[in-house]
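Fold and contact review
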Amino acid sequence: SLAEAFRDLNVHSLFMVNDNSDALNRISKNNSRYEILNQIDSWSLNDAVATIQTAKHERCNIVIVDSHTVDFEYLSFIRKSGLYVVSRDDSASFAFPSHIVFNGNANAKVLEYLSSTGDTNFLLGTDYIVLGREFTSDYNPPNESSTNI
């Protein structure tokens, strides 16, 4: 997960989430900082404004957006504020105004990704997959075996 990777790399980060207990559980288990934006509709103009204000207050210059429901307008608004926008996406459903779009899925290279700005870097394919520690080579699983798989 991103929270796990940031923690391992000692990256200063702040996760901004709406009331999503699954996301909060993953973020908090990695001792990452977070802010809940539960009074704001996700991916609305108010959400974008709150994201920009919080990012600038925290002196963040990069915003990473990871959602299946984000749209062009939201990402474009964030970018126009001067923040560097990175999007995690797996559908290529619109032309991206983001600086970077990454998709670590095996089918990523066959999707028709487009840039609305002409300067988007697309990082596509399994070289860019974000995996939890349990899937990496340095993970030491519990010393247990099972005969019922």
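The present account deals with the structure reproduced in this document.

Criteria and cut-off values
- Residues numbered from 1 in each chain as written.
- Predicted model: local features only at pLDDT ≥ 70, side-chain atom pairs only at ≥ 80, totals over all residues.
- Heavy atoms only, no water.
- Pairing = 2+ DSSP bridges.
- Helix = DSSP H or I, 4+ residues; strand = E, 2+ residues; numbered from the N terminus.
- Axes fitted to C-alpha atoms, helices over the stretch in contact; angles between N-to-C directions.
- Contact = heavy atoms within 4.5 Å.
- Expected span 1.5 Å × (residues − 1).
- Buried < 20%, exposed > 50% of the residue type's maximum accessible area, 1.4 Å probe, protein only.

Spatial ordering of the open sheet is given by β3-β4-β5-β6, a layout of four strands whose pairing is parallel. At either end of the open sheet lies a strand with only one pairing partner, and these are β3 (62–66) and β6 (121–124). Here the average twist between neighbouring strands, direction ignored, is 15°. Relative to strand β4 (residues 84–88), helix α4 (residues 72–80) is tilted by about 155°, and along the sheet it contacts β3 and β4.

With 13 residues, helix α3 (residues 45–57) ought to run about 18 Å at 1.5 Å a step, and its terminal C-alpha atoms sit 18 Å apart, in line with that. Of the positions making up α3, those classed as buried are D47, A48, A50, T51, I52, T54 and A55. Tucked into the core, α3 has its buried residues touching β1 (14–17), β2 (33–36), β3 and α4. Backbone geometry just after α3 places R59 at a positive phi near 60°.

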